[in-house]
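Coordinate analysis (summary)
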Protein chains: 2
Amino acid sequence: MTASTPLDPGSVTPATVVAVRRSLDGRWASLRDEIRARDDFAQLRVPPGTDTETYRDRVWEMLAQLAADGHALHGFPTSVGGHGDIGGSVASFEMLAFADLSLQVKSGVQWGLFGGAIQALGNAEQHARYLPGVMDLSLPGCFGMTETGHGSDVQSVHTAATYDPRTGEFVIDTPTESARKDYIGNAARDGRMAVVFVQLYTAPEGEQPERHGVHAVLVPLRDEDGTVLPGVEITDDGHKEGLNGVDNGRLAFHGVRVPRENLLDRYGSVAADGTYSSSIESENRRFFTMLGALVRGRVSVSGSAVGAAQLALTIAIRYAEARRQFAAPGGDGEITILDYLAHQRKLLPLLARTYALRLAQDELVEMLHDVQTTREAGGDVDEKRQRELESRAAGIKALSTWNATEVIQVCREACGGQGFLSENRLGTLRTDTDVFTTFEGDNTVLLQLVAKGLISDYADDFGNLDTLGTIRFVADQVLDTVAERTSLHSLAERLRGATAGDDDQLLDASAQIKLLDDREEHTLDSLVRRLRPARGKGVSAARAFEIFNRAQDHLLKAARSHLDGLVLDAFNRACEAQQDPAARQLMRQVCDLYALSVIEADKGWFLEHGRLSAARSKAVTAEVNRLCLSLRPHARALVDAFGIPESWIGAPIATGDEERRQREADAHAHADAGEHQV
Amino acid sequence: MTASTPLDPGSVTPATVVAVRRSLDGRWASLRDEIRARDDFAQLRVPPGTDTETYRDRVWEMLAQLAADGHALHGFPTSVGGHGDIGGSVASFEMLAFADLSLQVKSGVQWGLFGGAIQALGNAEQHARYLPGVMDLSLPGCFGMTETGHGSDVQSVHTAATYDPRTGEFVIDTPTESARKDYIGNAARDGRMAVVFVQLYTAPEGEQPERHGVHAVLVPLRDEDGTVLPGVEITDDGHKEGLNGVDNGRLAFHGVRVPRENLLDRYGSVAADGTYSSSIESENRRFFTMLGALVRGRVSVSGSAVGAAQLALTIAIRYAEARRQFAAPGGDGEITILDYLAHQRKLLPLLARTYALRLAQDELVEMLHDVQTTREAGGDVDEKRQRELESRAAGIKALSTWNATEVIQVCREACGGQGFLSENRLGTLRTDTDVFTTFEGDNTVLLQLVAKGLISDYADDFGNLDTLGTIRFVADQVLDTVAERTSLHSLAERLRGATAGDDDQLLDASAQIKLLDDREEHTLDSLVRRLRPARGKGVSAARAFEIFNRAQDHLLKAARSHLDGLVLDAFNRACEAQQDPAARQLMRQVCDLYALSVIEADKGWFLEHGRLSAARSKAVTAEVNRLCLSLRPHARALVDAFGIPESWIGAPIATGDEERRQREADAHAHADAGEHQV
């Protein structure tokens, strides 16, 4: 692999931009193009400052419009009239990030979470009965998982469903205020039914009630007129930092009875007499299999975060190309702010990281599609591959949502006061995406999941989100051997073979990969050594927790190190696959900037561990600066390659209005200077 | 100075908390206590989700209430009925950060910016005529500095005031759309008058018009009924990411005539015949003297940012002490999230930095007070001291506003979904303070101002915000010698003498200071060497710009390195001054955490430059972890020491409601488990 070299501005043509866009669009490029062609998409936005009730109304209307257009069909099974295209459903969901994020999240609640849960956990009869209404919006629904007292720790939810064999019904109860289902989209206003996650209890006649762990039950909330049903208590979560077009609320149930058929019973069912049965014996494994089936939600949030970051960068880079500030000494007129290294340093490494995450996200969606399509067709999915999917979804979701938060914030600041005005969208993008880092799994908890995937081979009873509960298991069973690493580094292996050890080539992809691989391996090895003393029956629970807790930052670092390598691999694969020479050269430079920015951000580690000499470490910073300067002429082309249609951008500072203003200002200023000649 | 040692939980008593609070409150402690005692303060908030017009109404009403209570009097001269207490005006402004930030900013516009400009730039007659109405709100006004096309580069504003000697009036004109005054608080709805920053032109009869640079003129905007006056064009900036209780707008002027007496003429006046005169000959120096007189605005924003960060940390740490998640293996019940190292790592270093900035801010306010009080009393202020004040104000404002953005964001995430609900205030704090990093001077531009202060002795014609225009000057005149360093490190000097070079004592204050001092010195020396080639008449302007631009990241690093040291000095001084032994020990630990976090964040630099060995660098990280664990029991005491009254906190997750919920949940859960005994 050759080092990247700067490109002449002239060699990047519209065709280059198209070629880069193809790389970024991935397997669902033609679906993305279809959606891009929709003129009406730009209308799918609600003016900032709209009051909450009007906003909710408007989002509901737009959702109905999407439903009428068949937007919901992609991901649902062909048996109920859907397209059976899971990857397509994620890609089309992503595109809504360019419209209104409340609309996107509301659609995600209805079709991704509510419909997706029925699809993933329900049986064929339930599919036929409910999914058509889910798709056409005649059955608006909720996804009742999170409780006020239990967010990421879903396994500890307290809502109970107790089977009553006398009537053949489940009795749904919310035992405490903190067991209320909370932050539930569609709950405060529109939902008619909810998938409610409960602790399932059965008590065959004459026997003690038995708990079978977390299951999902369909519970009607409102009648056709929207009146809340008896025993259901709904409160509004009220105003939120963002996403105020979504009607989040709290649900509590007081002795609500639903028929036995309302249990979504793919992984566990209850016979009329109350006998419980499941194809998966271990409660823990059953729980994680069920959660695993719902992984699409996490993948979708990740895609939305990448889309929001792309839009923010498009706005900020267009503005930075038009905005001039401070006169150059001896120069004519003021300097374009993107010509300042400090401004490039703010935006371009984040642009490179967003490229990298876009490409990693594309691979994630392909993996999701392949795994779930195989399963829906009745095929066997390797359990290891399923776990790999879940681990990647967790990790990429964490990286891409944190990336969105940082990118949009930096873009807002890079646009100054203009960025603070809602008309320029950055403020709204920030507030609407803020919760992404903590919903669909808190990012810190997700990284721990990734780390645990790395240090264990996922024995049957292992792999849950409860980090602490598994310390003993990890310590006792798997810490002797560092588990085999994931098999995702095949390209890396090949490249490593080629030029590993060549110390001076920071722009050599294989050298970059080697640095990240080394870090991952060392971090993981040393983590395992640190956790080993927690092993053995002689170690108290308190001591085991202490050992784990003192290494928690190390655990998180291991996860991040792994993910950085995985994302870089995706970028390298995309560069390799790119056929257009100019596009490939451009992408290689962006990839170099990504890799070196990652290394620069953690140069302390590389120096501490002898992976970089002091001189080479300084060279990393110098190279990042050089890459910023040499990519600066192509910044506009790089955001154009995101392919966000002009009419969707919607920010006056990005769509020429501001450029016009500035030109006019310059013209007047010159005239003015002439008029008042000193 | 002895190393900090962990404290027993029991040794931190309510008296310790009071002692720490005294340190944080600084010179205006009793004024702060007076304001804390105000019960009605908690009512000074507007419910989230309030529509813009209602919000503006409500903020106006609250502002009137503050005016009626005499809140505005602190900072105004005794000659017009004020208290002449400049530091007190900043301290009382800061306290409003705990109420509603729109109210705070609106008060800042009225009394700090509009009133402050009249006070700083006007003459005694103007004071007597306008300030009473400013204080009692009968004359609501605007501060018209920023233009759409010119934010931080105020010297380039295009609005013109041309003197017409025939009528004795100035004619105010907005030559282009981008010369409109923009983001102007009080403009869209309430302002009756504006201080407008203009390029001043005079043309004594028969002569060519002459430009005298930027001046400030009082321009009426609306009549008593609120009707916009002829020639004045006002548009609303519309909805913003935050601060929607402030009516920001754009002002344009079309041949608006105001009497000659409306020029705020402390630094430049125009005689009836159009003759211009000023006590400061150089236009550049006059401009920066004028801006320097307005430094209070920047100091106030900085204080507000510190206050907002304190409130966010109070909420997040109280929540983290109450919230439990995931069961410990073998333990009873779930673990308090603040017991996780990852959670401590998120919050405690930021808490330490907020302590440090609080103390640096206190010193800044004292300096402001002393300098401006001396000047208002007619005394002489050393020009060097004035520049030091401006440089510190710029630097501390940049650090504290970026700190607020980061702190509030992390606190939001640390509170999960609860943090996203507006009732818990974190989302609103985030959006309301977001613009702080770019208003009152863009932070990146401010850091450049600090850096330039470091590399030059501020010759008369030097020291403006236009970095580029001064490259030549810097290169030609001052680069041969690294200018004398600031004299602020006196404590550092003393401590350095004591134990410098003692390599193993990371917890030794002098060792920490030495590391930061070394970094500052080395960064500055090497910066000067990099810029030296820009020197000489043979170097083209383009080349000089290129040399400067390629070192821009280095320039920013020099500024930050300097500021980190300055902030650490403030913290050390406060520890030294603390008389209560437990409070002192506690503060020393927090100070260690601050210093070591700063070093850890830049460990790459310390390793590259041989200031830390690999082993010592790793020890820094281990020490930060140890400090997090040993400060954890005192986290609540540390936020209690911010002294935010219970009734002002206002977030249900922080004020016991959530604790009650959680206790109840635990009780029920146990009962529940018993009931369904397996």
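Going along each chain's sequence as written, the residues are numbered from 1 onward. Labels follow written order: the first chain is A, the first ligand is 1, and so on. Only residues with pLDDT of at least 70 get local features here, since the model is predicted, and only at 80 or more are side-chain atom pairs given and counted; chain-wide, interface and lining totals rely on the full set of residues. Side-chain measures here rest on the full set of heavy atoms in the structure, leaving out hydrogens and waters.

A helix here means a DSSP run of H or I that spans at least four residues, while a strand means a run of E at least two residues long, and both kinds are numbered starting from the N terminus. Looking only at helices and strands, one finds 24 helices and 13 strands in chain A. Only protein chains enter the accessibility calculation, which uses a 1.4 Å probe; a residue whose area is less than 20% of its type maximum is buried, one above 50% is exposed, and one in between is partly exposed. Looking at the 678 residues of chain A, the share that counts as buried comes to 65%. The contact criterion used throughout is that any non-hydrogen atoms of two residues lie within 4.5 Å. Considering only residue pairs separated by 6 or more positions, chain A has 75% of its internal contacts joining residues 24 or more positions apart. Calculation of accessible area relied on Shrake-Rupley with a 1.4 Å probe; when residues are assessed, cover is drawn exclusively from the protein chains displayed. Per element, the accessible surface of chain A, about 22,400 Å² overall, is 50% carbon and sulfur.

The next subject is the pattern of salt bridges. All names here are of chain A. Here, a salt bridge means any side-chain nitrogen of Lys or Arg that lies within 4 Å of a carboxyl oxygen of Asp or Glu. Counted according to the given criterion, the structure contains 102 salt bridges over all chains. Salt-bridge contacts for Glu53 lead to Arg56; the nearest nitrogen and oxygen are separated by 3.3 Å. With a gap of 3 residues between them, Glu53 and Arg56 both fall in helix α3 (residues 52-68), about one helical turn apart. A residue is classified by how much of its surface remains accessible, and Glu53, at 41% relative accessible area, is partly exposed. When the shortest N-O distance is used, the salt bridge between Glu363 and Arg573 registers 2.7 Å. Separated by 210 residues along the polypeptide, Glu363 in helix α9 (residues 341-376) and Arg573 in helix α18 (residues 552-577) bring together distant segments of the chain.

It is worth spelling out the relation of the copies chain B and chain A at this point. The operation relating chain B to chain A is a screw motion whose rotation component is 180 degrees, with 0.0 Å of axial translation and a residual RMSD of 0.0 Å. This pairing of chains is accounted for by a two-fold axis. Taking C-alpha positions as reference, the residue of chain B nearest the rotation axis is B:Gly604, located at 1.9 Å. Looking at the interface residues of chain B, 98% of them are also at the interface in chain A, so both copies use one shared face. To line up the copies, we fit them by least squares on C-alpha atoms, keeping just the residues with pLDDT of at least 70 in both.

A few words on unusual backbone geometry. All names here are of chain A. The backbone phi angle of Asn186 is positive, close to 75 degrees, even though this residue is not glycine. Tracing the backbone shows Asn186 in the loop between β4 (181-184) and β5 (193-202). Judged by its relative accessible area of 1%, Asn186 is buried. For Leu243, which is not glycine, the phi torsion reads 55 degrees and is therefore positive. Within the element layout of this structure, Leu243 appears in the loop between β7 (232-236) and β8 (249-259). Here Leu243 falls in the buried class, since its relative accessible area comes to 4%.

What follows deals with the side chain of A:Ser561. Residue and element names in this part refer to chain A. Relative to the elements of secondary structure, Ser561 occurs in helix α18. Of the residues examined, Ser561 reaches a relative accessible area of 1% and is grouped as buried. Within the structure, Ser561 has its side chain in polar contact with the backbone oxygen of Lys557 (distance 2.8 Å). Sequence-distant contacts of Ser561, defined by excluding residues within four places in its chain, comprise Arg519, Glu520 and Thr523. Pairs of N or O atoms within 3.5 Å make up the polar contacts considered here, provided that, within protein, one atom can donate a hydrogen while the other can accept it, and that residues adjacent in sequence are counted only when both atoms are side-chain atoms.

When you line up the elements, B:Thr438 lands in the loop between α12 (426-433) and α13 (443-455). Placed 340 residues apart in sequence, B:Thr438 and B:Phe98 show a C-alpha to C-alpha distance of 21 Å. B:Thr438 has contacts with A:Arg412, A:Glu413, A:Gly416, A:Gly417 and B:Lys397, leaving out every residue within four places of it along the chain.

Right, let's talk about the interface of chain B and chain A for a bit. At the interface, 99 residues of chain B touch 98 residues of chain A. Both sides together, the interface formed by chain B and chain A hides about 8,500 Å², and carbon and sulfur atoms give 56% of it. Our count for the contact surface shared by chain B and chain A stands at 6 salt bridges. Between A:Arg250 and B:Glu423 there is a salt bridge, and its shortest N-O distance comes to 4.0 Å. One can count 42 residue pairs in polar contact (both at pLDDT 80 or more) joining chain B with chain A. Of the residues forming the side of chain B that touches chain A, the biggest block, 8 residues, is contributed by helix α24 (residues 657-675) of chain B. Its residues placed into classes, the side of chain B that touches chain A shows 30 nonpolar, 37 polar and 32 charged. A 1.4 Å probe defines the accessible area here, and the buried area is the portion of it lost by two parts on being joined, summed over both. Note on residue classes: Ala, Val, Leu, Ile, Met, Phe, Trp, Tyr, Cys and Pro are nonpolar, Asp, Glu, Lys and Arg are charged, and everything else, Gly too, is polar.

Once that is clear, we can look at the side chain of A:Ser92. Residues and elements named next belong to chain A. With respect to the helices and strands, Ser92 occurs in helix α4 (residues 86-95). Polar contacts involving the side chain of Ser92 include one to the main-chain carbonyl oxygen of Ser89, which spans 3.2 Å. In this structure Ser92 touches Leu31, Ile35, His71 and His74, once residues within four positions along its chain are discounted.

Our focus in this paragraph is the pairing of strand β2 (residues 160-164) of chain A. Residues and elements named next belong to chain A. With 4 of 5 residues buried, β2 lies mostly within the body of the structure. Inspection of the sheet shows β2 paired to strand β3 (residues 169-173) by 5 bridges, in the antiparallel sense. Opposite Asp164, over in β3, you have Glu169 as the bridge partner. Here β2 runs beside β5; their pairing, made up of 3 bridges, is parallel. Among the inter-strand pairings, Ala160 is bridged to a residue of β5, identified as Gln199. If DSSP finds at least two bridges between two strands, the strands pair.

Residues and elements named next belong to chain B. Mapped onto the elements, Ala161 comes out in strand β2 (residues 160-164). Looking at Ala161, the relative accessible area reads 0%, which means it is buried. On a C-alpha basis, the gap between Ala161 and Thr174 in space is 9.2 Å, while along the polypeptide they are 13 residues apart.

So, about the packing of helix α18 (residues 552-577) of chain B against helix α19 (residues 581-601) of chain B. Residue and element names in this part refer to chain B. At a closest axis distance of 9 Å, the pairing of α18 and α19 adopts a crossing angle of 170 degrees. Considering their axes alone, α18 and α19 lie roughly antiparallel with respect to each other. Facing Asp564, Val567, Leu568, Phe571, Asn572, Ala574, Cys575 and Glu576 of α18, the residues of α19 in contact are Arg584, Met587, Arg588, Val590, Cys591, Tyr594, Ala595 and Val598. For the contact of α18 with α19, a count of residues per class yields 11 nonpolar, 1 polar and 4 charged. Geometry is summarised by axes, namely lines fitted to C-alpha atoms with helices restricted to the contacting stretch, and by angles between N-to-C directions that run from 0 to 180 degrees. Relative orientations are named as follows: roughly parallel for angles under 35 degrees, roughly antiparallel for angles over 145 degrees, roughly perpendicular for angles from 65 to 115 degrees, and oblique for any other angle.

With that out of the way, let us pick up helix α1 (residues 14-25) of chain B. Residues and elements named next belong to chain B. Residue count minus one, scaled by 1.5 Å, sets the expected span of a helix. The end-to-end C-alpha distance of α1, which contains 12 residues, comes to 16 Å, matching closely the 16 Å that a straight helix rising 1.5 Å per residue would cover. For α1, the full list of buried residues reads Thr16, Val17, Ala19, Val20, Arg21, Ser23, Leu24 and Asp25. Looking at the buried positions of α1, the neighbouring elements they touch are α2 (29-36), α9 (341-376), α18, α19 and α22 (635-640). Positive backbone phi, at 70 degrees, marks Gly26, one or two positions downstream of α1.

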